[in-house]
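Close look at the chain arrangement
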Amino acid sequence: MVIPSPFVYWAQTDKTISLKIDLKNVIKPDISVGDNNIKFKTKGIGAHGETHYEFSLDLFSSVKPINEATTVRIFDNRVDVVIQKEKPSWWPRLTAQPQKPAWLKINFDLWKSEDGQESEEERNVMQDYPGLYDTLQKEEMGYRKDLKKVYLVIYNLFQFIGYTYILCVIGIRYAKLEYDSVADTYEHVGPAMKFLQLMMFLEVMHPMFGYTKGGVLVPFLQVGGRAFILFVMIESEPRMQTKPVVFYLFILWSTIEIVRYPFYIAQLYKKEIYVLTWLRYTMWIPLYPLGILCEAIVILRNIPYFEETLKFTVSMPNEWNFAFHMPTFLRVYLLVLTFPGMYFVMSHMHKLRTVKLKPKIVIKKCK
């Protein structure tokens, strides 16, 4: 039978090691401290419920025996153990081996601790040992940041490959069939485009959860507006799927994305590739207006279809006492998209371009 280990949170001063053992309802723990080892056994309530827990740690350096200078305090929700070091020094880690067990954590709350049990003067370890504190914090928390980075790289790479695939399919089919391939564009790349578009909603949540910097409004408007065109205007109306404007719109969307996602990957690794940066903040000048023009054409062509089918239109009377006329909404949306919408997007990108591509002034000292 494998006996589980409790979560143990450790901190130190130059003279002591403190352990906070995360167990409840502990009565008589069995603790033994050797020259450079500590063993702990007891019964309590922890992450595995009420059962027996134990752990053994080989310490980085020697400590004083338990009968000389070890303090054990039992609380309702934890057990605190304070061990005196044999010689005053600052340990780079608690364990003798660089690899630490998964249940051993750093107690950052105690890094600013008292310099001895009877001293009233507090000592800030972060200031005394800034390099060591950063190393320990990175060891304890860095893997989470790395996981975020790995996730963002995988996401951006996946989107880049997806939009590259769409452009390749469109290009190969056009090379073989020429203009005859235009009408079947949605049939061949529509499913891939819909999947990639749904994945883009993750970009709205990234700043919400701190994965990326920036606000939520701009990505929400961009992703939501494109989703409206794709799912409501094109997917829901089969007659629109064969129009040439869908062919051109998919090319514009994909061309923008095959530059944007590699740029984000380079930024994650803090690599400044000037050509990529220039393309990211320059291609929008012709592509964004053309994309908005194509979206406006899709809406304009759809208005007669929605007047004919009354799709998404809610007429009175009904149990909600609510009326909604889809063609009227499309006319209003078209006005908002072509004037305020275009101005908002273009001004936002112009500000970003001004910041990202402004010339760098290098000042050199003359001898």
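Read on for a plain summary of the structure. Residue indices follow the written sequence of each chain, beginning from 1 at its first position. A pLDDT threshold of at least 70 governs which residues receive local features in this predicted model, and a stricter bar of 80 or more applies before side-chain atom pairs are shown or counted, although totals over entire chains, interfaces and linings include all residues. To get the side-chain values, take all heavy atoms of the structure and skip hydrogens and water.

1. Things to note about the overall build of the chain
- If you tally the helices and strands in the chain, you get 11 helices and 10 strands.
- Only protein chains enter the accessibility calculation, which uses a 1.4 Å probe. A residue is then buried if its area is under 20% of the maximum for its type, exposed if over 50%, and partly exposed in between. Expressed as a percentage of its 367 residues, the buried residues of the chain come to 39%.
- By definition in these notes, contact holds between two residues if any of their heavy atoms fall within 4.5 Å. Considering only contacts within the chain whose residues lie at least 6 apart along the sequence, 66% involve residues at least 24 apart.
- To measure how exposed things are, a 1.4 Å probe is used in the Shrake-Rupley method; for residues, cover is taken only from the protein chains shown. Summed over all atoms, the accessible surface of the chain reaches about 22,000 Å², with 61% contributed by carbon and sulfur. Helix and strand labels come from DSSP, where a helix needs a run of H or I of at least four residues and a strand needs a run of E of at least two; each type is numbered from the N terminus.

2. A closer look at the nonpolar core
- By size, the foremost hydrophobic cluster in this structure holds 53 residues, and its most contacted members are Ile-229, Met-233, Ile-234, Phe-250, Val-298 and Leu-330.
- Elements with a contribution of two residues or more to this core: helix H3 (130-177), helix H4 (185-199), helix H6 (217-235), helix H8 (244-268), helix H10 (284-309) and helix H11 (326-356).
- Take this core: its biggest share by element is 12 residues, from H8.
- Aside from chain neighbours lying at most four places away, what touches Met-233 is Phe-228, Met-240, Val-298, Ile-299, Asn-302, Phe-306, Met-326 and Leu-330. By nonpolar core we mean a set of buried residues, namely Ala, Val, Leu, Ile, Met, Phe, Trp, Tyr and Cys, connected to one another through side-chain atoms within 4.5 Å.

3. Structural notes on the pattern of salt bridges
- For this analysis, a salt bridge means a side-chain nitrogen from Lys or Arg found within 4 Å of a carboxyl oxygen belonging to Asp or Glu. Under the definition given, this model contains 9 salt bridges.
- Between Asp-80 and Arg-78 there is a salt bridge, with its nearest N and O atoms 3.0 Å apart.
- Using a relative accessible area of 24% as the deciding quantity, one classes Arg-78 as partly exposed.
- Residue Glu-307 pairs with Arg-331 through a salt bridge whose shortest N-O separation is 2.5 Å. Of this pair, Glu-307 sits in helix H10 while Arg-331 sits in helix H11, placing them 24 residues apart in sequence.
- Residue Arg-331 is classed as partly exposed on the basis of its relative accessible area of 39%.
- Connected through salt bridges with shared partners, the residues Glu-203, Arg-226, Glu-257 and Arg-260 form a single ionic network.

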